[in-house]
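Overview (structure and organization)
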4 protein chains.
Amino acid sequence: MNRVLVPSSPVGPLPSAWRECVGTGRMNLALRADYQESAALVQQEIGFRYVRGHGLLSDDLGVLRESQGVTRYTFTYVDQVVDSWLRIGLKPFLELGFMPSALASGNQTVFWWQGNVTPPRSHDDWAALVRAVLRHLIDRYGLEEVRTWPIEVWNEPNLTQFWQGADRAAYFRLYEATARAVKDVDASLQVGGPVLSPGADDWWAPFADFVASRDVPVDFVSRHAYSSGPAQHVPFGVYQTFEPPQALLDQFDAPRRHLAGTALAGLPVHISEFNTSYRPDNPIHDTAWNAAYLAPVLAGGGDLVDSFSYWTFCDVFEEENIPTSLFHGGFGLLTHRQVRKPTFHLYAFMARMGASVLARGDDHLVCRDDDGRVTVLAWQPLGGSDDGPYGSAPATHEVRLRIPVPSDVAVVRRSVSETEGNAWTAWRELGRPRNPSARVLDLLHDASVPALRHSALVAVDGHVDLDLVLGRHEVTLVELLPVTPDEHPGLDDARLLGQGVVG
Amino acid sequence: MNRVLVPSSPVGPLPSAWRECVGTGRMNLALRADYQESAALVQQEIGFRYVRGHGLLSDDLGVLRESQGVTRYTFTYVDQVVDSWLRIGLKPFLELGFMPSALASGNQTVFWWQGNVTPPRSHDDWAALVRAVLRHLIDRYGLEEVRTWPIEVWNEPNLTQFWQGADRAAYFRLYEATARAVKDVDASLQVGGPVLSPGADDWWAPFADFVASRDVPVDFVSRHAYSSGPAQHVPFGVYQTFEPPQALLDQFDAPRRHLAGTALAGLPVHISEFNTSYRPDNPIHDTAWNAAYLAPVLAGGGDLVDSFSYWTFCDVFEEENIPTSLFHGGFGLLTHRQVRKPTFHLYAFMARMGASVLARGDDHLVCRDDDGRVTVLAWQPLGGSDDGPYGSAPATHEVRLRIPVPSDVAVVRRSVSETEGNAWTAWRELGRPRNPSARVLDLLHDASVPALRHSALVAVDGHVDLDLVLGRHEVTLVELLPVTPDEHPGLDDARLLGQGVVG
Amino acid sequence: MNRVLVPSSPVGPLPSAWRECVGTGRMNLALRADYQESAALVQQEIGFRYVRGHGLLSDDLGVLRESQGVTRYTFTYVDQVVDSWLRIGLKPFLELGFMPSALASGNQTVFWWQGNVTPPRSHDDWAALVRAVLRHLIDRYGLEEVRTWPIEVWNEPNLTQFWQGADRAAYFRLYEATARAVKDVDASLQVGGPVLSPGADDWWAPFADFVASRDVPVDFVSRHAYSSGPAQHVPFGVYQTFEPPQALLDQFDAPRRHLAGTALAGLPVHISEFNTSYRPDNPIHDTAWNAAYLAPVLAGGGDLVDSFSYWTFCDVFEEENIPTSLFHGGFGLLTHRQVRKPTFHLYAFMARMGASVLARGDDHLVCRDDDGRVTVLAWQPLGGSDDGPYGSAPATHEVRLRIPVPSDVAVVRRSVSETEGNAWTAWRELGRPRNPSARVLDLLHDASVPALRHSALVAVDGHVDLDLVLGRHEVTLVELLPVTPDEHPGLDDARLLGQGVVG
Amino acid sequence: MNRVLVPSSPVGPLPSAWRECVGTGRMNLALRADYQESAALVQQEIGFRYVRGHGLLSDDLGVLRESQGVTRYTFTYVDQVVDSWLRIGLKPFLELGFMPSALASGNQTVFWWQGNVTPPRSHDDWAALVRAVLRHLIDRYGLEEVRTWPIEVWNEPNLTQFWQGADRAAYFRLYEATARAVKDVDASLQVGGPVLSPGADDWWAPFADFVASRDVPVDFVSRHAYSSGPAQHVPFGVYQTFEPPQALLDQFDAPRRHLAGTALAGLPVHISEFNTSYRPDNPIHDTAWNAAYLAPVLAGGGDLVDSFSYWTFCDVFEEENIPTSLFHGGFGLLTHRQVRKPTFHLYAFMARMGASVLARGDDHLVCRDDDGRVTVLAWQPLGGSDDGPYGSAPATHEVRLRIPVPSDVAVVRRSVSETEGNAWTAWRELGRPRNPSARVLDLLHDASVPALRHSALVAVDGHVDLDLVLGRHEVTLVELLPVTPDEHPGLDDARLLGQGVVG
């Protein structure tokens, strides 16, 4: 194979879209201690900017309360949640939904936790609720802050599970009422939609027509992206087929393609959810395959959209009821008890990448910082289910790079694969315990740490050759640190046992 | 008024029944960060031994799960809850209930969070569930530990809200099935009931007859105690009348009176819930009156029962939906955001009392430690509603004691009353903000600290005279610390401005 | 007495000079856990911007090391110290001194910890050391950061204890060599002197002449201020007389007066040390008198200088050997074990003052924030020793203010006096234990909290009347918070015992 | 090579002598934040029982203070140190020394920090000091606690550096005065000596004779053990030759051999210091060689003595002045900034060993816990300098074991060698930075984590075969955990990409 010659001048900055936002279980879960511990860990090692989830207006957050004929907008829990997010550097990406029972026109619910998905009985009451929530948030956090929070109207209204009848006209009415209520509070607040699921690109043109014709405010558009096929159910889990990673990038790009030439062309595009599988009980989320598969998506998605939000940062999540096993195929980057999954490390590796892109290929991304540190993210390229069954990828994959450096370098490599940095593999060896003991949890945490190797490379003619052999489903981060040795006159490792030349 | 002459020899140890157990919102809430923060604070400043609440078997803890025909006992959340309790020194006082939907024979529920209160469809499946839970707990925490956890069967089966039809025979069947299942797991586990609400003393004799006639295991008996009348509803709250404190002590004593002469005579008696009001939305819980009213109950209850468990330690509680205001009349010793209420301080004062009782009266309890420290808990005596409207207690109350001491003493007094150590009063002055800002929360925390005064008393003839003037609804703790001054030759406070005799 | 009519428009912003800088024990002590705990507490409740102390170049920080003929500039400890300061928001106010033994021309030392106070054997070697230190700091912390750190040359060279022979010419030579070395590293670094003790105003003119005539860089000037007389020794302590507080303000103002008309006129002036007594063993530092005495200095000093730095923030300090008693008259705002002294609270009160000054008088300072919060700092005015012996101040002092407010207000008052917020008084009552037990330390911490009182005032014609009666040596902070009550329809405190009109 | 057949029955418990005690820099350093952070880490991952160091009575702890003719025993710092140790589960192993200046008969000092090593001017004053210290400790911590603290008299009196003239008779006088003073305070306190350095076995007989003839109390005996030759100096460091590990075990055993037949036979023996090199600036302490060399000493030392105390737990240590580089050959298990050295991991591995010994050999120790977990500690056997220069050990070493197990096992292996779990190697690759940046420190912490590998082994005929290939200077810990798989009906990893048989 040929060696890739990495150029010495950057092609541009590394876009931050990959870390702009991350998904979360419903807002009520943000009150939990394990959730907050998980979020703090994610922020420390990755550092997302926004967080988005369902349930801001659902009954279990208690925003709309009535008693003895008195209506009261209540923020007992909302304040706790938003306080806790801001404390660790996360801003809310607000999703307005689902419907409070007191306002709902019907009883249809979605998820185990029963989010009501029917239109409001009164659009005026809904608008009053929206205004009350935003005014409270501005009172508490300041307009300057709140105007940086995108406000999405509802979730996947094109699906009957999420919006009664998937009634497009009804959604447009809701969108209009909501967007106008938002702007009533302050014109600088950012509102957007239509938060489509995959497979609903036929909504773009009507949406653009509707808002243009009625001059309805739209500050951004959003949709979701998943690459999995139908669920094949087993007890407490599902299996699914997968399209290749490019399918996700194609979904990312769809809004821009479909809105070209409309009044909405050029608006910010947010992929406000994405993942491989859209199921919270598909074990694929726990694997190294998931990380290697998504590596080119994270490396390239920033060319297409303003943000793409991994659904979700942790397994504290109850859409399909309460998980019955530590590893259960949850969406999370972290399991309950904060065990890092391979995809967590993909994100943590991205967070260590240099600021400027030197090179990008099918199996690598090379960046550099101003201080000369070069970072290489490399992965085994994977297609989807057409490649064969799980584990059929080649046992190794080679990446060979020639990298420009200003001096000799220290080389630090971290690896996640089927055998390294992989707590799921260790968990299987330990008998797949559903309720692991403290001792097993400790082992899993240890097993989740990426393997680390380090060495030194001597620069020749201003470059070093980096030859990487990756294991199955491996994602690896290599850092090259320019070295200027300190002086230690007299030091001589050969004399450590007292047997060199005596001083 | 006469001076009380405190004797110099103890009449016995101060019983620990007041701190044996404390109540909690349903177990699912124990997963929350604010709950855990509150519990840690309570343990640090008070230190209860057990914690008891509802919902161990309810759907939102997920113990009984089914999927594709497979049943799975799940401990994802139970383990987190019990781990978190044990970490701060709290043992579970297990209450077996309510009914998992998958086992329920009907749809009747209690509370906003919908605990199912119908009998099991199958007593065998119920028994299997009980055995599975206990076996898991023993696997995880060890038999030696779990056998110290009392296991209560259901909650207030004498009320139709809590047990379909308040069907006594059905409860006895459930009790028998449960108690035998518990003993199947290990004969040393402690099981008990019938967890009666106030007003159900007619159940004692039949219960004793039933278990005696069928040789059903019973290791302890339990009931609840409240002294409030019917709810007078206002929006988001209620008012109620109250009997005098002695009514609570009479309720404590009822099991022993009613079981005298039966096979259950002599068993441990647990008051597994008590408070003034049984409503989570009666503002009385937030007041200094509540503390002063309960002071003689805490001081004297240990003569009557093995434990009496304040319902509950914090306002993280949802039986009547999500609270709409920081102060809302919740049961908690602490509000959301961990503001200490006056009754919190009553408990914290009790936690500072000496080990041996020297004297006890209508308005005082005097204890002493082996190291000579004397502690005085004093309070303004209150009756119930017959005393007059709130605030009609005399503005002051005097307590005069002659206390034996081994030397001069330092005197440290802490006070909670309508004006001191009273965040609720400060909150009213601040306009009763339902969603206080961070600044106001800080002020409330500061206002919640008991007023502290200190002085020195010179011993005369082996005693000091302590004259206390209490304010309205005051509870006060006075510590007398024997002092042996250290030597500081040359030190002379008169010279602090350099103007005494020059050395 | 007349009521002060506080105007409704600010006279200007409250200067920040009082919190610009604080003093510290020698830099080696900054490695200690209790020091770091104290500093964190001070930063949390007060929030200084810079910290200044001795010993950067002394042997116990190890900067200049030699072995087998090899010289090595070492930053093992310096990095730890500066890292720890920056972590809590403190920047170094660098003092270059004292002399490393390896560079010293003599053996004269100052303090128990033996700082060498002799000139360098070689000004070239000294300059090399200065450059090495600054280059390392810039490497580690960045030039942008380091250029905000004032760099002072030596300490009190006008005293023979601190500079061999108090040799002015030798100091000027050292100043020139140092200032040029600093600017060699980067012209934007700020260097200054001559760091005079009180009583050396005759140095200003020669210093100005010297630097002007030789074009020596000077970016700021600095001196120290103390108002105490000679030490009257007792075992492990001293007493001293004191001039009135105005004497400190006069010392603050001296540099500007003496440099008027010179080339140094208009330069920033830093009082890089000040306190009542210059002794670390005068019990006056532990008293409420010290706080009340300094209140007008903190309130007014910012009119005169750019910073005035309280010497020191905590009692971790060893100039007169290791303290033998918890309270021992140390300089600190905090004792060992982090007990807050009255003067700590004076600073914490200042940190809560509003941003704009409404009024200032002999016994009060009134400020307001943009959000309408009004703050009043009031104190009993004290002279120095001429007022009489300690404790001879009047038992009370009244302050009466008419304050403009936009609405009714909540009033929160915090007090420190001879009896309140005064751990030193409690310590004396407890027998002045030199090595207090954990229990006594807990009591002292509790006793150190300012007494808090709260109430509500109704606005009449746009103002409220605030009548304050202060105790002996009291400093008090009053906050007036505008109140807009939340609605709670149905709530009626008269019904708390269930006896009002039934709803 | 042959396979070792590990028996299925234990030969006895694993002695705890290896963790009974650990050494520390002088007590004053225990006040430091980095010291306390290091100690907490060591206790968390290893868990020693006692800690021993110099300087309890030296001036920089301030125990003996005088002022204006008043003598004061001071515990300002001692209390802080002992409080901090006990808080993390460390008890003091008290060493009485060195001499306070105020009591010293001469000026001779040892170390950069100048411990005075001369006899007391007055044995009465010395005895008074000893009694005052012990009485204070008993007052503060209780007699029950203090009587568990061994009390050693002085340090290495057989060396002229540590005891003026290495005067044996003078030491015996000091020992007698001290031991009697200790017993004056309480007969149950444990006192011992003579704390010999290596090469002083000729002191045993005279010591036994002396104490026997005068009936002087002795509760234990102690000595030190080191296996290095003379220092070969280079700038800021030394090199030395080493005897084989057996030399250390021989030194451990010497007291028992020499005291056989004397009155002191049978007393507890403490090796109150040991290490390879006795120099705090020999880089050997930072290497994997040091860990592999000491592995058989830790595995076997407990057969010979009651404790052997590694000198020291961290590099916060100043006997040879302030270290000039992160890695500098310090004694510590941890560097400054808490980087774990290979020998740290040897101890951490020992802390994970099972309770009972199954087998021990030249290159392995096999233990088992009651719950069936088997642990294997294996190492490359090393001699001393006679083996050849550093790095001349074979590149690999094989250990083959047949281990009895109750079921299939999960296998978790952790390795430390020249390339794995070795921050020193990474530091060299990074250019040996003396003052590493925050980024480099992070890398070193990551590089210090032992490499972890995991797999599963199927039991055949009640055993598994464990074949280990060790790298150069490797120490490895292998845990075998019996596995009982949980049931997950329907789960099939082959279907992860959705391509198995559809359910």
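Residues numbered from 1 in each chain as written. Chains lettered and ligands numbered in written order. Predicted model: local features only at pLDDT ≥ 70, side-chain atom pairs only at ≥ 80, totals over all residues. Heavy atoms only, no water.

As recorded in an unreviewed UniProt entry, chain A goes by the name Xylan 1,4-beta-xylosidase, listed as coming from Cellulomonas humilata. Under the heading Sequence similarities (unreviewed entry), UniProt records this for chain A: "Belongs to the glycosyl hydrolase 39 family." (UniProt positions renumbered as here; feature names shortened; annotations may be inferred.)

1. Examining the interface of chain B and chain A
Contact with chain B, which involves 44 residues of that partner, is made by 43 residues of chain A. Between chain B and chain A, roughly 3700 Å² of surface is buried when both sides are summed, and carbon and sulfur atoms account for 50% of that area. Viewed at the interface, chain A and chain B are joined by two salt bridges. Between B:Arg337 and A:Asp83 there is a salt bridge, and its shortest N-O distance comes to 3.0 Å. Listed by contribution, the elements that provide at least two residues to the side of chain B that touches chain A are helix H1 (33-45), strand S5 (64-67), strand S6 (70-73), helix H2 (76-87), helix H3 (123-141) and strand S14 (232-234) of chain B. Broken down by element, the side of chain B that touches chain A gets its largest block of residues, five residues, from H2(B). Partitioning the side of chain B that touches chain A into residue classes produces 15 nonpolar, 15 polar and 14 charged. (Contact = heavy atoms within 4.5 Å. Buried area = accessible area lost by both parts, 1.4 Å probe. Salt bridge = Lys/Arg side-chain N within 4 Å of Asp/Glu carboxyl O. Helix = DSSP H or I, 4+ residues; strand = E, 2+ residues; numbered from the N terminus. Nonpolar A, V, L, I, M, F, W, Y, C, P; charged D, E, K, R; others polar.)

2. So, unusual backbone geometry
In this structure, C:Phe98 follows C:Gly97 across a cis peptide bond, with omega equal to -15°. Position of C:Phe98 relative to the elements: it lies in the loop between strand S8 (94-96) and strand S9 (109-110). In this chain, D:Trp311 is followed by D:Thr312 through a cis amide linkage whose omega measures 20°. Within the chain, C:Asp215 stands out as a residue other than glycine whose phi angle is a positive 55°. Taking relative accessible area as the criterion, C:Asp215 reaches 63% and is therefore assigned exposed. (Buried < 20%, exposed > 50% of the residue type's maximum accessible area, 1.4 Å probe, protein only.)

3. A short note on the relation of the copies chain A and chain D
Take chain A, turn it by 180°, move it 0.0 Å along the axis, and it overlays chain D with an RMSD of 0.0 Å. One copy is carried onto the other by what is essentially a two-fold rotation axis. For chain A, the smallest separation between a C-alpha atom and the rotation axis is recorded for A:Ala451, amounting to 3.5 Å. Looking at the interface residues of chain A, 100% of them are also at the interface in chain D, so both copies use one shared face. (Least-squares fit on C-alpha atoms with pLDDT ≥ 70 in both.)

4. Overview of the relation of the copies chain B and chain A
The two copies are related by a screw motion: chain B maps onto chain A through a turn of 180° and a shift of 0.0 Å along the axis, at an RMSD of 0.0 Å. Comparing contact sets, 98% of the residues at the interface of chain B also lie at the interface in chain A, consistent with an isologous, same-surface contact.

5. With respect to the domain arrangement of chain A
Residues and elements named next belong to chain A. Taken as a whole, chain A is organised into domain 1 (4-10 + 356-482) and domain 2 (15-351). With 33 residues of domain 1 in contact, the opposing surface of domain 2 contributes 31 residues. A combined buried area of about 2600 Å² lies between domain 1 and domain 2, and 72% of that area is made up of carbon and sulfur atoms. Taken as a group, Arg360, Leu382 and Trp424 account for 19% of the area that domain 1 buries against domain 2, more than any other trio of residues on that side. (Domains from an automatic or database assignment.)

6. Points about the pattern of salt bridges
Taken as a whole and judged by the stated rule, the model has 164 salt bridges over all chains. Residues B:Arg131 and B:Asp184 are paired through a salt bridge, measuring 3.8 Å at the closest nitrogen-oxygen approach. Here B:Arg131 is found in helix H3, whereas its partner B:Asp184 is found in helix H5 (residues 168-185), with 53 residues between them in sequence. The salt bridge partner of C:Asp371 is B:Arg439, with a shortest N-O separation of 3.1 Å. Of this pair, C:Asp371 sits in the loop between strand S19 (364-368) and strand S20 (374-379) while B:Arg439 sits in helix H11 (residues 438-447), which puts the two residues in different chains. Owing to a relative accessible area of 35%, B:Arg439 belongs among the partly exposed residues under this scheme. A single network of salt bridges, built from pairs that share partners, joins A:Arg352, A:Asp369, A:Arg373, A:Arg414, A:Glu479 and D:Asp446.

7. A word on helix H8 (residues 288-300) of chain B
All names here are of chain B. Here H8 is 13 residues long and its end C-alpha atoms lie 19 Å apart, about the 18 Å a rise of 1.5 Å per residue gives. The sharpest bend along H8 measures roughly 35° and falls at leucine 294, with the proline proline 296 sitting one to four residues further on. Counting buried positions over the 13 residues of H8 gives twelve, a clear majority of the element. Within the sequence span of H8, burial applies to Ala288, Trp289, Asn290, Ala291, Ala292, Tyr293, Leu294, Ala295, Val297, Leu298, Ala299 and Gly300. The distance from a side-chain oxygen at the start of H8 to the backbone nitrogen of tryptophan 289 is 3.4 Å, and the residue carrying that oxygen is threonine 287. (Expected span 1.5 Å × (residues − 1). Bend = angle between axes of the 7 residues up to and from the residue. Polar contact = N/O pair within 3.5 Å; in protein donor to acceptor, adjacent residues only side chain to side chain.)

8. Overview of the pairing of strand S16 (residues 269-275) of chain C
Residues and elements named next belong to chain C. S16 sits mainly inside the fold: seven of its seven residues count as buried. Here six bridges tie strand S13 (residues 220-226) to S16, and the two strands are oriented parallel to one another. Across the sheet, the residue bridging to tyrosine 226 is asparagine 275, located in S16. Bridge count for S16 against strand S17 (residues 307-310) is three bridges, and the pairing is parallel. Within S17, the residue paired with isoleucine 271 across the bridge is phenylalanine 308. Taken together, S16, helix H8 (residues 288-300) and S17 form a β-α-β motif whose crossover is right-handed. (Pairing = 2+ DSSP bridges. Right-handed = clockwise from strand over helix to strand, strands pointing away.)

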